Amino acid sequence: MTRTARDRRSAALRRFGLSITVLTVLGHTVLGFEQAYVTPVVAVLAGLAAELVLDSVEAATERRRPRWLGRPGAVVDFLLPAYITGMACAMLLYANDDLLPTVLATVVGVAGKYVIRVPVGGRRRHVLNPSNLGIVVVVLAFPRVGIAPPYEFTEWITGWWDAVVPALLLVAGTAVNARLTGKIPLILGWVGGFVAQAVLRWGVTDISLAAAVLPLTGTAFILFTNYMITDPGTTPARPRDQVLFGLATAAVYGVLVQCGVVFGLFFALVVVCVLRGIVLVVVAARPPRPAPVVPPQRTTVERPAALRES
């Protein structure tokens, strides 16, 4: 990774970390989050502890220095993904007063980065979105646990503030993705694919078009679009591949919703991440292409001057 790429990743991580912290504080004091106040604290501590333990184990097996013993700035960047995973799981899951599901989701998300890796560009990297993976595992393992209802983001505010909060989240998230992560093609593919699957379902089934596109206007969709699916570490880098990733997620979402699967956003993303991981494994296993054979260049033999004049 070049220095410029590292700087952009560091800036994006810190901006995401600040954004989700401000949103969590406002959510519990102004907006109407219904989880316990201690939930994000416990989730973050669990995520950081899991990151420290797993990195220490990996460092011991690879005979390297643990990343958490590096420079202060590098340590912050190393721990921020675990911090963001804990905050995201605490914000998006609702388990009433039970902290265990949120802790489990956070630990599973962090552990997934170490356990499930595939070859990417000559290195082994994780391909499953950490917080999304943890949320999917928990809603499957604990049927009583659900996704936090979207009304929590505007429950305690009234009037035009109901529109201001989603608008601020949309502007802030879009600005971060445009300036730092470079995931605008992925967002366009995802939103365009979402509209296309809604129109297709409206055309071939009895569902109303308004009901099919209505999730686009919700705060949950804005958060998922700008802060979940655009994770730089688990999505393609090339613009064309980003568009395909977004379109594939929308297509899987449409199939899942049509089959009556709830929480389709999260299941669709984990399905597409798994499919991308399989493709990366297949590509890495293919033998390298042989170098093309270049025909020898024809050379012009200069005739002696005496022969040219004869």
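Heads up: these notes are all about the structure in this document. The structure displayed is predicted, hence computed values, not measured ones.

Calculation criteria
Residues numbered from 1 in each chain as written. Predicted model: local features only at pLDDT ≥ 70, side-chain atom pairs only at ≥ 80, totals over all residues. Heavy atoms only, no water. Disulfide = S-S within 2.5 Å. Buried < 20%, exposed > 50% of the residue type's maximum accessible area, 1.4 Å probe, protein only. Phe/Tyr/Trp six-rings, centres within 6.5 Å; stacked < 30°, edge-to-face > 60°. Helix = DSSP H or I, 4+ residues; strand = E, 2+ residues; numbered from the N terminus. Pairing = 2+ DSSP bridges. Axes fitted to C-alpha atoms, helices over the stretch in contact; angles between N-to-C directions. Parallel < 35°, antiparallel > 145°, perpendicular 65-115°, else oblique. Contact = heavy atoms within 4.5 Å. Core = buried A, V, L, I, M, F, W, Y, C linked by side-chain atoms within 4.5 Å.

**A closer look at the state of the cysteines**
Thought 1: Summed over all chains, the structure comprises zero disulfides.
Thought 2: The structure places no disulfide on Cys 89, whose sulfur is separated from the nearest cysteine sulfur, that of Cys 273, by 14 Å.
Thought 3: By relative accessible area, Cys 89 is classed as buried at 0%.

**What to know about the packing of aromatic side chains**
Thought 1: Within this structure, the stated rule accounts for 10 aromatic pairs.
Thought 2: A ring pair is formed by Phe 33 and Phe 153, whose centres lie 5.2 Å apart and whose planes are at 80 degrees; its orientation type is edge-to-face. A residue pair is termed long-range when its members are at least 10 positions apart, and Phe 33 in the loop between helix H1 (3-31) and helix H2 (38-62) and Phe 153 in the loop between strand E4 (146-147) and helix H6 (161-181) qualify at 120 residues. Per residue, the accessibility class of Phe 33 equals that of Phe 153, and both read buried.
Thought 3: Following the ring pairs from residue to residue traces out a cluster consisting of Trp 190, Phe 194, Phe 221, Phe 224, Tyr 253 and Phe 266.

**With respect to the pairing of strand E3 (residues 123-126)**
Thought 1: Relative to E3, strand E2 (residues 117-120) is paired through four bridges, and the arrangement is antiparallel. The residue bridging Arg 117 from the neighbouring strand is His 126, located in E3.
Thought 2: Here E2 folds back onto E3 in antiparallel fashion, the turn holding two residues, of which Gly 121 has a positive phi close to 60 degrees.

**Looking at the packing of H6 against helix H9 (residues 219-228)**
Thought 1: Direction vectors running N to C along H6 and H9 enclose 10 degrees, while the axes themselves pass 9 Å from each other. In this view, H6 runs roughly parallel relative to H9, as classed from their interaxial angle. Residues Pro 166, Leu 169, Leu 170, Ala 172, Gly 173, Thr 174 and Asn 177 of H6 touch H9, and the partners they reach there are Thr 219, Ile 222, Leu 223, Asn 226 and Tyr 227.

**Observations concerning the nonpolar core**
Thought 1: Ranked by internal contacts, the top residues of the largest apolar core, which has 38 residues, are Leu 93, Ile 135, Trp 190, Phe 224 and Phe 266.
Thought 2: Elements that contribute at least two residues to this core include exactly helix H3 (72-92), helix H4 (100-115), helix H5 (130-141), helix H7 (184-204), H9, helix H10 (239-258) and helix H11 (264-285).
Thought 3: The biggest single contributor to this core is H11, with nine residues.
Thought 4: Apart from residues no more than four positions distant in its own chain, Leu 93 is found in contact with Gln 35, Pro 101, Thr 102, Ala 105, Ile 135, Val 138, Val 139, Val 145, Gly 146, Ile 147 and Ala 148.
Thought 5: Residues Leu 23, Ala 88, Phe 153 and Leu 169 belong to the second largest nonpolar core, which totals 14 residues.

Purely geometric stuff here, so don't read any function into it on its own.
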